[in-house]
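Take a look at the letters that make up each chain.
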Amino acid sequence: MPAGIVSYGIYVPRYRIRAEEIARVWGEREDMAQNLNVFEKSVPDLDEDAVTIAVEAARNAIKRASIDPGRIGAIYAGSESHPYAVKPTGTIIGEAVGVNHELTAADFEFACKAGTAAVQACLGLVTANLVDLGLAVGTDTSQGAPGDALEYTAAAGAAAYIIGREDLAAEIEGFYSFTTDTPDFWRREGMPYPEHGGRFTGEPGYFKHVTSATRGLLKKMRTIPEDYDYAVFHQPNGKFPVRVAAQLGFSQDQIEPGLVVPWIGNTYSGSSLIGLAATLDVARPGDRIFLASFGSGAGSDAFSIRVKDGIEDVRDRAPKVRDYFENVQYLDYAVYAKHKGKLRL
């Protein structure tokens, strides 16, 4: 029996800071937003962290398909900003959404692709008929040091996917992963902000791994870019996914529905999965979606997804991605710094 996505849900905080406000404070060029193709980014509220954001996304996923939480037999939460160094995020999510305690749970960490790794783990358990449903979450309140280039993009958001075998909204036809030890981005224990290799994060990191995973899956599936109606690539900024899509033969029309980073920033573990959710919000039965995540360190997970008839039953029953682009509240840099804990007394 095929397995795939039974339901999905996302959450993005309503607070935003414009890229031009960050540039103003640090005396950067006014065209920074255009150069990155990121015009504003989400900011967590004072009482929000990767757990609370994940809970909201999971509740939306459960609501979208009227899922009985007791059917969930696995919870895997992917993040690089788990609020506890020793205390699982997944158990808190499970308790908050009301799952049966007879389940397996664990936290994943692989920079920005921990969420898609969680999807793979749930898919394995579901396909093996070891659990009825699995809940995979990618969630982050990502960090960027004051004045660092990351500060223009590091955002907050989460995506939750319920993986199963029945009543599918979308079938996962296959996946392919490409992984190497490439230290392009890292944060040691106790460090408040990550470090990165500057331009080294581009070609040896993002582009090498995303193109390798994509070409590997296309070969495995015996497909070409034209076989897909949509494509979603990890979005560290607004330029990389556009460039890698063109390199691989995907068109701007294919990636446009899922290109959300210009308006919410890079939500790290939630990034590609929120882009997938935005695409599912508009896709129709029979459409095919190509998805490729990326996580520094480094690796990429690529998926071939076919939308099923079940999408019509769940699409409008929970907030869509574009709903989180509305009713936003903008912060100046001082309040943003307070929200992000950059000011320490």
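Not measured: the values here are computed from a predicted model. Numbering of residues starts from 1 in every chain and runs along the sequence as written. Only residues with pLDDT of at least 70 are given local features in this predicted model, and only at 80 or more are side-chain atom pairs given and counted; all residues enter the totals for whole chains, interfaces and linings. Hydrogens and water molecules were not included; the side-chain quantities draw on all heavy atoms of the structure.

### Digging into the sheet that holds strand E7 (residues 156-164)
Then, number 1: Only when DSSP finds a minimum of two bridges between them are two strands counted as paired. Here a helix means four or more residues in a row that DSSP labels H or I, a strand means two or more in a row labelled E, and each is numbered from the N terminus. Within the open sheet, the nine strands sit side by side as E5-E4-E6-E7-E1-E8-E13-E12-E11. Their pairing is mixed. The outermost strands of the open sheet, each flanked by one partner alone, are strand E5 (104-108) and strand E11 (230-233). Sheet twist, expressed as the average angle between the axes of neighbouring strands with direction ignored, equals 20°.
Then, number 2: Of the pairings in the sheet, the one linking strand E1 (residues 4-11) to E7 comprises seven bridges and is antiparallel in character. The partner of Gly 9 across the bridge, within E7, is Ala 160.
Then, number 3: Here a residue-residue contact requires only that any non-hydrogen atoms of the pair lie within 4.5 Å. Note on geometry: axes are lines fitted to C-alpha atoms, helical ones only across the stretch in contact, with angles between N-to-C directions running from 0 to 180 degrees. Those strands touched by helix H3 (residues 50-64) are E1, strand E4 (72-78), strand E6 (133-141) and E7, and its axis lies near 130° from that of E1.
Then, number 4: Strand contacts of helix H10 (residues 271-280): E1, E6, E7, strand E8 (170-179), E11, strand E12 (288-292) and strand E13 (299-307), with the helix running at about 65° to E7, the strand carrying the most contacts.

### Notes on unusual backbone geometry
Then, number 1: Residues Gly 297 and Ala 298 are joined by a peptide bond in cis, for which omega reads 5°.
Then, number 2: Considering the arrangement of structural elements, one finds Ala 298 in the loop between E12 and E13.
Then, number 3: The phi angle at Ala 111 is positive, at roughly 45°, despite the residue not being glycine.
Then, number 4: Note on placement: Ala 111 falls in the loop between E5 and helix H5 (114-127).
Then, number 5: Located in the positive-phi region is Asn 129, a residue other than glycine, with phi close to 60°.
Then, number 6: Mapped onto the elements of the fold, Asn 129 is located in the loop between H5 and E6.

### Some points on the packing of aromatic side chains
Then, number 1: We call Phe, Tyr and Trp rings a pair once their centres come within 6.5 Å, taking the six-membered ring for Trp, and we label the pair stacked below 30 degrees between planes, edge-to-face above 60, and tilted otherwise. A full pass over the atoms with the stated rule returns 16 aromatic pairs.
Then, number 2: With centroids separated by 6.3 Å and ring planes inclined at 65°, the aromatic side chains of Phe 185 and Tyr 268 adopt a geometry described as edge-to-face. Residue Phe 185 is located in strand E9 (residues 185-186), and its partner Tyr 268 is located in the loop between helix H9 (261-264) and H10; the two are separated by 83 residues in the primary sequence. For the pair Phe 185 and Tyr 268, a shared accessibility class is recorded, and that class is buried.
Then, number 3: Ring geometry for Tyr 206 versus Phe 294: centroids 5.6 Å apart, planes at 70°, classification edge-to-face. On the criterion of sequence distance, the pair formed by Tyr 206 in helix H6 (residues 202-221) and Phe 294 in the loop between E12 and E13 is long-range, its members being 88 residues apart. Relative accessibility under 20% of the residue-type maximum defines a buried residue, over 50% an exposed one, and the middle range a partly exposed one, all with a 1.4 Å probe and only protein chains included.

### Thoughts on the side chain of Ser 79
Then, number 1: Counting through the fold element by element, Ser 79 comes out in the loop between E4 and helix H4 (89-97).
Then, number 2: Look past the residues within four positions of Ser 79 in its chain and what remains in contact with it is Ala 50, Phe 108, Glu 109, Ala 114, Thr 139, Asp 140 and Ser 269.

### Observations concerning the sheet that holds strand E14 (residues 329-330)
Then, number 1: Strands sit in the order E3-E2-E14 across an open sheet of three strands; the sheet is mixed. Edge positions in the sheet fall to strand E3 (40-43) and E14, since each has one partner strand and no second.
Then, number 2: Strand direction decides the pairing type here: strand E2 (residues 15-18) and E3, joined by four bridges, are antiparallel. Residue pairing across strands places Arg 18 opposite Glu 40, the latter belonging to E3.
Then, number 3: Lying over the sheet, helix H1 (residues 19-26) contacts E2 and E3, oriented at roughly 55° with respect to E2.

### Some points on helix H7 (residues 240-248)
Then, number 1: Within H7, the full set of buried residues consists of Pro 241, Val 244, Ala 245 and Leu 248. Each buried residue of H7 sits inside an arc of 105° when the element is viewed along its axis, so together they form one side.
Then, number 2: On its buried side, H7 packs onto H6, E11 and helix H8 (252-255).
Then, number 3: Downstream of H7 by one or two residues, Gly 249 has phi in the positive range, about 95°. The directions considered for the arc run from the helix axis to the C-beta atoms.

### Quick notes on the pattern of salt bridges
Then, number 1: Salt bridges are identified by distance alone: a Lys or Arg side-chain nitrogen within 4 Å of an Asp or Glu carboxyl oxygen. Taken as a whole and assessed by the stated rule, the structure comprises twelve salt bridges.
Then, number 2: Close ionic contact of Glu 171 with Lys 308 constitutes a salt bridge, the shortest N to O distance being 3.8 Å. Here the residue Glu 171 occupies a position in strand E8, and Lys 308 occupies one in the loop between E13 and helix H11 (311-314), the gap between them amounting to 137 residues.
Then, number 3: Take Glu 171: its relative accessible area is 19%, and that puts it in the buried class.
Then, number 4: Notably, a salt bridge pairs Glu 203 with Arg 243, separated by 2.1 Å at the nearest N-O pair. With Glu 203 in helix H6 and Arg 243 in helix H7, this pair connects stretches of sequence that are 40 residues apart.
Then, number 5: For Arg 243, a relative accessible area of 37% puts it in the partly exposed group.
Then, number 6: Residues participating in the shared-partner salt-bridge network are Glu 173, Arg 288 and Arg 306.

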